[in-house]
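Structural overview for review
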Amino acid sequence: SKVTRAIRILSVTRVIRIQEYLEHVGDRLHGGSSLKYVGDMARLVVIILWINHVMSCTWFYVGRITTGDTGTSWLDDTITDENSPLYYDTIPLFQYTTAFHWAITQMTPGSMQVFPRNSFERLFNIFALVFGMFFFSSLISSLSATMVNFRMKSTQTANQMSELRRFLRQSKISSKLSVGLQKEALERLMEVKPLMVTDVKALKLLSADLQKELQYELCLPYLMRSGFYRVCQAADTAALKSIMIGCMSFTVYIAGEAVFEAGETATAAFIVERGTLEYAQNKKTSKVRRKTRVSKHTEIILSEPALWTHWPHVGTLVSPNPASLLKIMVDKHESIIRQTEAMSDFAAEFALQYRQRLAMGHPPQANWPSDLEVPHTSFDEIIVNSSRDTRRLVSNLALEHLKDQASSAWGRTFGNVTGNPPKNLDALEKEVDKDKCTLITTMNGEVERLAAVTAIEIRRPNGTVLMQLGSWDSAEGLKVACKLPGTKQEVAETAVDAMQRLLKKDLLPFESVIDLSEVQAMHEVEWSRSEKYSLRTKYLRTIFQVNVEDDLNEDQLRVMRLQADGKPARQKQRVSRFRMKPNNKSFSQSADLGATDESDAYFAETHDLIGLPHGDQQKLIICGWLHDEEVERFKGTAEGQAVLSRCISRIYVDELVISCAKEACNQCLAPPSNDTRDIILPEDQGGLHHVEGQSSCRTSRSGSRSRVMSDDFFQVGTEAGAQYRPTIRPEDMVDEVKDMVDGDV
C-alpha cells in the first residue's frame, strides 16, 4: 500500500505536460507584446508554485510513513516549545502550509524551523537542495530574461514613438491627423504577428524532402475543404504535392491591410488559415453592395474564379486584425496542372463547367457572382452535371474508398459501431458503370450518392400551385404522390436545360404561357438514406418559380380535364373543353376531406384536375391546383396522404384517355386558328361507350353530324373495366354546334 501511495505521489509530478499546456496558452495570446510578456512571466510563476507544491506533498508524505533509524520524524516535533502541540496533531491546513514553506526554503535563501529527524528525511532534504540549486536558478534566470526583454521592447517602442512625434512636430502636421497616425503606429508596434515557416530559422537547415513533406502536411487540411483537391489526392498524390509546393505559401496580413481591392485583376486565390477578414462591394465594381465577414471556419476559397478563368475582383477584402492566409498563385497553379497527365483532363472539364455556371450567374436564376461565392459552382453541382468520364472518375475513386473501408479492420469496426456498414458494393459498381449513379467522397471521408433534380412551381394569382398528384401507366398502374412536377437532370445537363426539357415533355400546354426571363430559381438540398447500399443520398433540387395569369384561354392552354365518378352532371353550363376554369375556393374549406364520399367526387372539379401525357410513353401525369396548406397536408401527414390516395383512386385512366391527352397537347404545337380542333367520337358509336379497350381517338374539324366531346366526357369509374356513360345531352350538342357555326368557340 505504501508503494501504491508513492506511485500516486509521483503521478502528480507531470511538470512537463503542465509547462506545455501553459506554453500553448501563451501562444494564443495575441493582444499585444505587453500581454505576451505578462503571460510568459505568469507561466514561470505558476511552474515554480507547482514544483513547490509537489515538494511539500512529498515532504509531508515522507514524514508520515517513515520513522527511520531514530524512531521519530519531523511531524513528531513541537511547534514552539515542549508544551506546544505536535505538527502531527495540527489541522491539515497548517500541516500543508508548513510543508509548503519548507519546500520554498530549499530553493531560496530563506530559513525554516522544520528539520529532518531521521536518515531518510535528511536524504530527501539533500535531494531538494540540489534540485533547487539547478532547477530554481534556471527558472529565475528565465523570469529575469523575460522581464529584461519586456523592458527592452518597451524602450524600443517608446523610442520609435518619440521619433514619430518629433517628425510630426517638425513637419507641422495637423493635430487631428497626428493623433490618428500615432494611434495606428502604436497599434502596429504592439501587434504580435503569428509565427510563419519563414520565421523559423531551424527549418532552413532541413533537407529538401523534409521541407516538402512539411509543406504538404501544413497545406493538406485546408485543401481538403475543396472537392477538386480531394479528387487530386485520391487520383495522384504526387500531383497534389507538386501543387502545394510549387504555388502555395502562407502569408501574414497586418491589421487594416487589404488582401485585394475591387477592380484589380486576380492573380491569386486564398484560404483563411487564421483570423477574420471583411469583404465589401461597391456599386462601381459590382451589381450589389454588401459587407461580409469571413472567418477561418468558412469552407470556401476566396477568389476561386481566378483558378479557372480570367477574373477581376468585384469587391475589396481587408484584414481588420492580423490574419494568416494560404495563398495560391494562379499562374503557377495552372502551369503545374497542365503538366500533370493524370489530372489535366479532369481539371479542364472542371474549369469548363465552372465557367459555364459563372456565365449563368445572374438574376433571376441566381445571384450575381462575387469573390466569395459563385452560384451553382459547388463541387457536388459541378460533378453531377459533368461528362460521363468525369463522373466515372470521381465515382470510381469513391467506390475504391468504400471497398478499402469495407475490407479493412477499421472499416468493419466502424460499420459495427454505426450499424451502417457499406453493402452490395457489386451492385453499386454496376450502377456506376452504367452511369446510373454518381458517388463522391466528402471532407469527412464519407461516401455519398448524388442526384440532381429540377422542378417547376407554377402559381396562379389566387395562390394555388400546380402539383403532381399521381401518375398512371399500363405497366404499374396508378401511383399517388403529392409533389411538384419535376425531372432528374441528365448527364451534362444544367438545371435550365432540364426545366426546358420538362416543359416540352411533360408540361407542354404551359410552355407558351411561361416567360423564362421572369423565372426565379430556388435551391434546396434534401437527404435520404439508401437501405440497399447503406449510403446517404444527397438530392440537389432546383425549383423554378413562375407566376401565370388566371385568364388562360383556349389558345394559351390546351389540356385534358379529368373528373371523378360520382360528380353530378352540370346543367346548362358550358365550359371550354380545354380551358381551366379558376376556382378560388380551397378544397379544405369547401368540404371535410375525410367526411363523405361526396367530397371525393368533387375533388377533381374543385382542384381542376388535368391529365398530361409523359412524353411518348403510355403514361399519364395527374396534376391539380392546390393551396399551400393543402400541399402541406397531403405531403406531411399520414391522414392527408390517405385522403389524397382515396380521391385520386377514383380517377380511372386507360390508353384511350392517354391518347386523348396526347392529342390535346399536340394541338399546343399548332398555330392558333379560328378553326378549333375537337376531339370527337365516331358517328356509328352511340349510346353506351366502353372506354376500356380503346387505344386511340381521332380528331377532325368541326362539321355537321359530328359528336363533340365536352369536359364531362372524361368521367371515369372507380373499378377497372367500369362502363363509361356519356353525359352530353342532345340539346347540349345542338348548342355546341351552333356556337361553332357562329365562331364563338
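Rules of the game
Residues numbered from 1 in each chain as written. Predicted model: local features only at pLDDT ≥ 70, side-chain atom pairs only at ≥ 80, totals over all residues. Heavy atoms only, no water. 1 Å grid on protein atoms, 1.4 Å probe; cavity = no way out; pocket = protein on both sides within 12 Å on 5 of 7 lines; lining within 4 Å. Points joined across faces, edges and corners; volume = space filled by probe spheres on them. Helix = DSSP H or I, 4+ residues; strand = E, 2+ residues; numbered from the N terminus. Nonpolar A, V, L, I, M, F, W, Y, C, P; charged D, E, K, R; others polar. Salt bridge = Lys/Arg side-chain N within 4 Å of Asp/Glu carboxyl O. Buried < 20%, exposed > 50% of the residue type's maximum accessible area, 1.4 Å probe, protein only. Patch = residues over 30% accessible without salt bridge, like charges linked within 9 Å, V, L, I, M, F, W, Y side chains within 5 Å. Areas by Shrake-Rupley, 256 points an atom, 1.4 Å probe, with all protein chains shown as cover. Core = buried A, V, L, I, M, F, W, Y, C linked by side-chain atoms within 4.5 Å. Contact = heavy atoms within 4.5 Å. Axes fitted to C-alpha atoms, helices over the stretch in contact; angles between N-to-C directions. Parallel < 35°, antiparallel > 145°, perpendicular 65-115°, else oblique. pLDDT = per-residue confidence, 0-100.

Things to note about the layout of surface pockets
Over the atoms rolls a probe the size of a water molecule, and in doing so it shows where empty space is left. Of the volumes computed, that of the largest pocket is approximately 1200 Å³. What lines the largest pocket is a set of 47 residues, and nearest its centre among them are E299, T377, S378, F379 and E381. At the level of secondary structure, the elements contributing two or more residues to the lining of the largest pocket comprise α8 (227-235), α11 (341-359), α12 (379-384), β13 (520-530) and β14 (535-547). Taken together, the residues of the lining of the largest pocket sort by class into 21 nonpolar, 11 polar and 15 charged.

What about the pattern of salt bridges?
Counted according to the given criterion, the structure contains 18 salt bridges. Residue K538 pairs with D380 through a salt bridge whose shortest N-O separation is 2.4 Å. Pair noted here: K538 is in strand β14 and D380 is in helix α12, with a separation of 158 residues, a long-range link. Neither K538 nor D380 differs from the other in exposure class; each is buried. Three or more residues joined by partner-sharing salt bridges are found here, namely R388, R391 and D435.

Structural notes on the environment of G615
Structurally, G615 can be placed in the loop between β16 (610-613) and β17 (619-626). Here the alpha-carbon distance between G615 and L507, two residues 108 residues apart in the chain, equals 9.4 Å.

Points about a nonpolar patch on the surface
The grouping of L123, I126, V130, M133 and F134 at the surface amounts to a nonpolar patch, some 530 Å² of accessible area in total. Mapped onto the elements, L123 comes out in helix α5 (residues 119-170).

A closer look at the nonpolar core
Across soluble globular proteins, nonpolar side chains show a tendency to be buried alongside one another. L223, F228, Y229, L240, M248, I328 and F346 are the most contacted members of the largest nonpolar core, which has 63 residues in total. Beyond its immediate stretch of four places on either side in the chain, M248 contacts Q215, C219, L223, Y229, I243, L326, K327 and I328. Membership of the second largest hydrophobic core comes to 24 residues, among which are L484, F603, F634 and A661.

Considering the packing of helix α7 (residues 208-223) against helix α9 (residues 237-247)
At a minimum axis distance of 9 Å, the contact between α7 and α9 shows a crossing angle of 95°. What the angle tells us is that α7 and α9 run roughly perpendicular. Counting all contacts with α7, which are made through K212, E213, Q215, Y216, C219, L220 and L223, the residues of α9 involved are T237, L240, K241, M244 and I245. When its residues are assigned to classes, the contact of α7 with α9 shows 7 nonpolar, 2 polar and 3 charged.

Section: the confidence of the model for the protein
Confidence along the protein averages 75 in pLDDT terms, with 73% of residues attaining 70 or more. The low-confidence segment residues 27-32 (pLDDT under 50) makes 5 contacts with residues lying over four places distant or belonging to another chain.

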